[in-house]
Amino acid sequence: MIVPMKKISLVVLEKEKREAAKKLRRLGAVHLETLHGGGEELTALRDACAKTENAASVLAEYQSEKDAAPDHSLNTAQIAAKTDEIIACAERKKQCREQIAQNQAELERFAKWGAFDPAALDALAEKGVYLSLYEISAAAYRTLPESLDTIFVSGDKSQARFLLVRVGSRVRPDELPPEACAVPNPRLSTKALEAEIAALNTEIGRIDKRLQGEATYTQAFGWHRKQLLGDIEFENVCSGMNAETAGSETLAWLIGYVPQSDAEALCSEAKQEGWALSLGEPAEDDPVPTKLKNNRLVSLIYPLTDFLETVPGYREYDISGWFLLFFCIFFGMLFGDAGYGLFLSLIAAGGITRYSLKGKAAPAVLKLLLLLGISNTAWGAATCSWFGVDASKLPALLQSISVPLISNATAARSHELEEAVSQNLQVVCFSLALLHLSVAHIKGIIRCVTAHSLKALSELGSIAMLAGMYCVVLSVVVSSVRFPLLSGGYLKIVLCLIVGGFIFNFAFANYEGNIAKSIIASLQNIISVILGLANVFSDIMSYIRLWAVGLAGASISSTVNAMAGPLLGNFLIFLGIIVLVFGHGINIILNVLSVLVHGVRLNTLEFSSHLGVSWSGIAYKPFSETAIKQ
């Protein structure tokens, strides 16, 4: 459920706002509207936090398992000092690498010139003898005028490298062809460049060793960063409060939202501290945050919705329970393999057991994975799908526990039965579509009836259109023989459902107390209303992905088995095992991605659009203590 909220306005004396903010944060129940603070202190805190994040990211590269335990042996001042040292070390390491790259580039540039020392050329230049490096095509070098004094250094079929000797003048001779390219001298001799690279690598080694030692404080830096984030939040609130002078006093105030269940505690705190507090219902256009509260089972979906960052609006529906129920069903159908389901269940059960042995509560994500694994196993067992093995070769027990109407064991008996099973699976997908989308409109009917609104008839019309389109889809997509759309009685029922549903939806979709105005509003958006009927068809069709994606996964499993099978019966058995593990591992990963794309979509798009959930909500984030104490 979505927790009811109260809007608050809190007014305190300007001189007492910091103390009031501390007590408000300690209460930890008020979600504040966005504040934009400023000032030197806030800027300094943000800079310190950025530097700490930078230092922590540097140390993360050197962290090992032995550094996993938190080390809070440093105080704030020591961490700040180490932050500067670590950043300086990282910057110096970066400079060393850049210099090494430059030196290596120079060495590569002079690799074909041999050992070279520019100091020797400088010494000759002091005596009036100037040597310059040039490159030219081999053919052009052979045609250089004899008046040019050159020393050939090296060359190949295409290019020649030579020294041009000039006495008393640095000016390029006119006889030298324009295509002769002057080669700039290196910064140092090739020997010195190599020595500098070695020295820089040694320095990098010393820096790495030092940073490796500092990595033991990685957790302390994480703690310090969280403390700084808390300080930033606090300073942003204090400096961002609105202020106004009233008589001889300056008042500061802020606006926020508090769960109705925590309103009494806030009132008591305000009365005790002498704050001016206004408490009321949020307006329609207020940015009210959404706080969800559900039982332990329904809360298992939170890791997924948190990952997706999907939050319903405050005045929308909380579909957490329905999301969990249908996502589990979709997960099982999209994975579609009992073997994979057992594998996932064992991983989850192992993780939960490990936490239990340590006396800790297992993360919700492991419990969710266990639930999804069980769902996958159940569906795979029902369809007789076990690691992509041919159903006819599976043990009789596994075949017997499957559901004949949708079982691969049934499909393996004949081509006709295979086609019938495929059609049955499609019927299951479309039936799920009808059920899933009808639930959305039933919830709409309940809300409208509660509000005594005739808009409930529009929701009823939508259900009728869904039922009519469901019949059309079964005939058009599954089988016109099993579901004959054109037979007299059947066609009349379908037309009554679709036309009648459309009329109800057209007349009452925009109902706000006046049917005439509702009809006029629908006429003004007639194209959207007509397209809405087409969307009903496409939304039901969208659920065919449950069958198609599951079929694709089963095909990949079967292909992997076919590739590994011949290898398992001879001396290449180890290669066969590798093919099996790698192939099925890739298939599991692809199935996970399929679930995230398709299973989530059916809940957050098709179902949500019929329910009117736009996922435009603001997550409830109370102003509370966030720093980890040392």
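Residues numbered from 1 in each chain as written. Predicted model: local features only at pLDDT ≥ 70, side-chain atom pairs only at ≥ 80, totals over all residues. Heavy atoms only, no water.

Colleague: Just give me the short version of the overall build of the protein, but keep the residues and values in it.
Modeller: Summing up its helical and strand segments, the protein has 21 helices and 11 strands in all. Relative to the 2.2 N^0.38 estimate, which gives 25 Å for 630 residues, the radius of gyration of the protein is 37 Å and therefore markedly larger than a compact globule would have. When the backbone C-alpha atoms are referred to their principal axes, the protein occupies close to 110 × 90 × 60 Å. Burial analysis of the protein (630 residues in total) assigns 43% to the buried set. In the protein, of all internal contacts separated by at least 6 residues, the share reaching a separation of at least 24 is 76%. With an accessible surface of roughly 33300 Å², the protein has 61% of that area assigned to carbon and sulfur atoms. Here the protein contributes 54 positive and 60 negative side-chain charges, whose respective centroids are spaced 5 Å apart. (Helix = DSSP H or I, 4+ residues; strand = E, 2+ residues; numbered from the N terminus. Rg over C-alpha atoms; globule rule 2.2 N^0.38 Å. Buried < 20%, exposed > 50% of the residue type's maximum accessible area, 1.4 Å probe, protein only. Contact = heavy atoms within 4.5 Å. Areas by Shrake-Rupley, 256 points an atom, 1.4 Å probe, with all protein chains shown as cover. Lys, Arg positive; Asp, Glu negative; His and termini not counted. Charge placed at Lys NZ, Arg CZ, Asp CG, Glu CD.)

Colleague: Tell me about the pairing of strand S3 (residues 129–137), and please be specific about residues and values.
Modeller: For S3, a buried count of 7 out of 9 residues is recorded, marking the element as mostly surrounded by other parts of the structure. Relative to strand S5 (residues 159–167), S3 is paired through 9 bridges, and the arrangement is antiparallel. The residue bridging Tyr 130 from the neighbouring strand is Arg 166, located in S5. In this structure, S3 lies alongside strand S6 (residues 181–183), joined through 3 bridges in antiparallel fashion. Looking at S6, one finds that Leu 133 is bridged to Val 183. (Pairing = 2+ DSSP bridges.)

Colleague: Tell me about helix H12 (residues 364–383), residues and numbers included.
Modeller: The terminal C-alpha atoms of H12 lie 29 Å apart, and with 20 residues this matches the ideal 28 Å at 1.5 Å per residue to within 8%. Restricting attention to buried positions, one finds in H12 the residues Leu 366, Leu 368, Leu 372, Gly 373, Ser 375, Asn 376, Thr 377, Trp 379, Gly 380, Ala 381, Ala 382 and Thr 383. Those residues of H12 hidden inside the fold are in contact with helix H9 (302–308), helix H10 (320–335), helix H11 (338–357), helix H14 (408–411) and helix H15 (415–450). Immediately downstream of H12, the backbone of Cys 384 shows phi near 60°, a positive value. (Expected span 1.5 Å × (residues − 1).)

Colleague: Can you lay out the nonpolar core for me, pointing to particular residues and giving the numbers?
Modeller: Ranked by size, the top nonpolar core spans 60 residues in total, and within it Phe 327, Phe 330, Phe 430, Tyr 470, Ile 540 and Leu 546 carry the most contacts. The element contributing the most residues to this core is H15, with 11 residues. In this structure, Leu 10, Val 12, Cys 238 and Tyr 620 belong to the second largest nonpolar core, which totals 28 residues. (Core = buried A, V, L, I, M, F, W, Y, C linked by side-chain atoms within 4.5 Å.)

Colleague: Before we move on, could you go through the pattern of salt bridges and cite the residues and values that matter?
Modeller: One pass over the structure, following the stated rule, counts 18 salt bridges. Its salt-bridge partner being Glu 214, residue Lys 82 comes within 3.0 Å of it at the nearest N-O pair. Of this pair, Lys 82 sits in helix H3 (residues 76–109) while Glu 214 sits in helix H6 (residues 190–214), and the two are 132 residues apart along the sequence. Glu 214 gets classed as buried once you look at its relative accessible area, which sits at 11%. What emerges from the salt-bridge pattern is a single network uniting Arg 18, Glu 41 and Glu 235. (Salt bridge = Lys/Arg side-chain N within 4 Å of Asp/Glu carboxyl O.)

Colleague: Describe the sheet that holds S3, listing the residues and the values that go with them.
Modeller: Reading across the sheet, the 4 strands line up as S4-S5-S3-S6 and stay open at both edges, with antiparallel pairing between neighbours. The sheet is open, and its two edges are formed by strand S4 (149–155) and S6, each paired on a single side. Across this sheet, the average inter-strand angle for adjacent strands is 35°, counted without regard to direction. As paired strands, S4 and S5 are joined by 6 bridges and run antiparallel to one another. By the bridge assignment, Ile 151 is partnered in S5 with Leu 163. (Axes fitted to C-alpha atoms, helices over the stretch in contact; angles between N-to-C directions.)

Colleague: Describe the packing of aromatic side chains, naming the residues involved and giving the relevant values.
Modeller: For the structure shown, the criterion picks out 16 aromatic pairs. On the numbers, 6.5 Å between centres and 90° between planes, the contact of Phe 335 with Tyr 340 is edge-to-face. A ring pair is formed by Phe 504 and Phe 508, whose centres lie 6.3 Å apart and whose planes are at 35°; its orientation type is tilted. Of this pair, Phe 504 and Phe 508 both sit in helix H17 (residues 488–508), 4 residues apart, which is roughly one turn of that helix. For Phe 504, a relative accessible area of 36% translates into the label partly exposed. Taking relative accessible area as the criterion, Phe 508 reaches 12% and is therefore assigned buried. (Phe/Tyr/Trp six-rings, centres within 6.5 Å; stacked < 30°, edge-to-face > 60°.)

Colleague: Describe unusual backbone geometry, and please don't skip the residues or the numbers.
Modeller: Peptide bonds are mostly trans, and most non-glycine residues show a negative phi. We note that Glu 309 has phi near 55°; this positive angle belongs to a residue other than glycine. With respect to the secondary-structure elements, Glu 309 resides in the loop between H9 and H10. One non-glycine residue with positive phi stands out, namely His 452, at about 55°. Its relative accessible area of 74% is what places His 452 among the exposed residues.

Colleague: Tell me about helix H4 (residues 118–126), residues and numbers included.
Modeller: The periodicity of an α-helix, 3.6 residues per turn, causes residues three or four positions apart to be oriented the same way. Of all the positions in H4, only Pro 118, Leu 121 and Ala 125 are classed as buried. Around the axis of H4, the buried residues are gathered within 55° of arc, so they sit on the same side. On its buried side, H4 packs onto S3. Between the side-chain oxygen at the start of H4 and the backbone nitrogen of Ala 119 there is a gap of 3.0 Å, and the oxygen is on Asp 117. Positive phi appears at Gly 128, one or two residues downstream of H4, with a value of about 90°. (Arc of directions from axis to C-beta. Polar contact = N/O pair within 3.5 Å; in protein donor to acceptor, adjacent residues only side chain to side chain.)

Colleague: Which residues make up the environment of Tyr 130, and what values go with them?
Modeller: Looking at the element boundaries, Tyr 130 is found in strand S3. Tyr 130 gets classed as buried once you look at its relative accessible area, which sits at 16%. The spatial distance from the C-alpha of Tyr 130 to the C-alpha of Asp 84 is 49 Å, given a sequence separation of 46 residues. Once you skip the residues sitting within four places of it in the chain, Tyr 130 turns out to touch Ala 125, Leu 164, Val 165, Arg 166, Gly 168, Ser 169 and Arg 170.

Colleague: Report on the side chain of Ser 385, specifying residues and quantitative values.
Modeller: Secondary-structure assignment places Ser 385 in the loop between H12 and helix H13 (396–400). Residue Ser 385 is classed as buried on the basis of its relative accessible area of 11%. Among all residues touching Ser 385, those that are not within four sequence positions of it are Gly 336, Asp 337, Ala 338, Gly 339, Gly 380 and Asn 408.

Colleague: Tell me about the packing of helix H2 (residues 40–60) against H3, and name the residues and values.
Modeller: Put simply, H2 and H3 touch, their axes get as near as 9 Å, and they point 60° apart. It follows that H2 is oblique to H3 by the angle criterion. H3 is crossed by H2, and the crossing has left-handed handedness. Here H2 contributes Lys 51, Thr 52, Asn 54, Ala 55, Val 58 and Leu 59 to the contact with H3, which in turn contributes Thr 83, Asp 84, Ile 86, Ile 87 and Ala 90. (Parallel < 35°, antiparallel > 145°, perpendicular 65-115°, else oblique. Left-handed = near helix turned anticlockwise from the far one by under 90°.)

Colleague: Account for a nonpolar patch on the surface, naming residues and giving values.
Modeller: A cluster of nonpolar residues, Phe 307, Ile 556, Leu 575, Ile 578, Phe 582, Ile 586, Ile 589, Leu 590, Val 592, Leu 593, Leu 596 and Val 597, forms a patch on the protein surface that exposes about 1100 Å² of accessible area. Top contributing element to the nonpolar patch by residue count: helix H21 (residues 573–611), with 10 residues. In this fold, Ile 589 is placed in helix H21. (Patch = residues over 30% accessible without salt bridge, like charges linked within 9 Å, V, L, I, M, F, W, Y side chains within 5 Å.)

Colleague: So what's going on with the side chain of Ser 594? Residues and values would help.
Modeller: By the secondary structure assignment, Ser 594 is in helix H21. Judged by relative accessible area, which is 16%, Ser 594 ranks as buried. Setting aside residues no more than four positions away along its own chain, Ser 594 makes contact with Leu 334, Val 549 and Gly 599.

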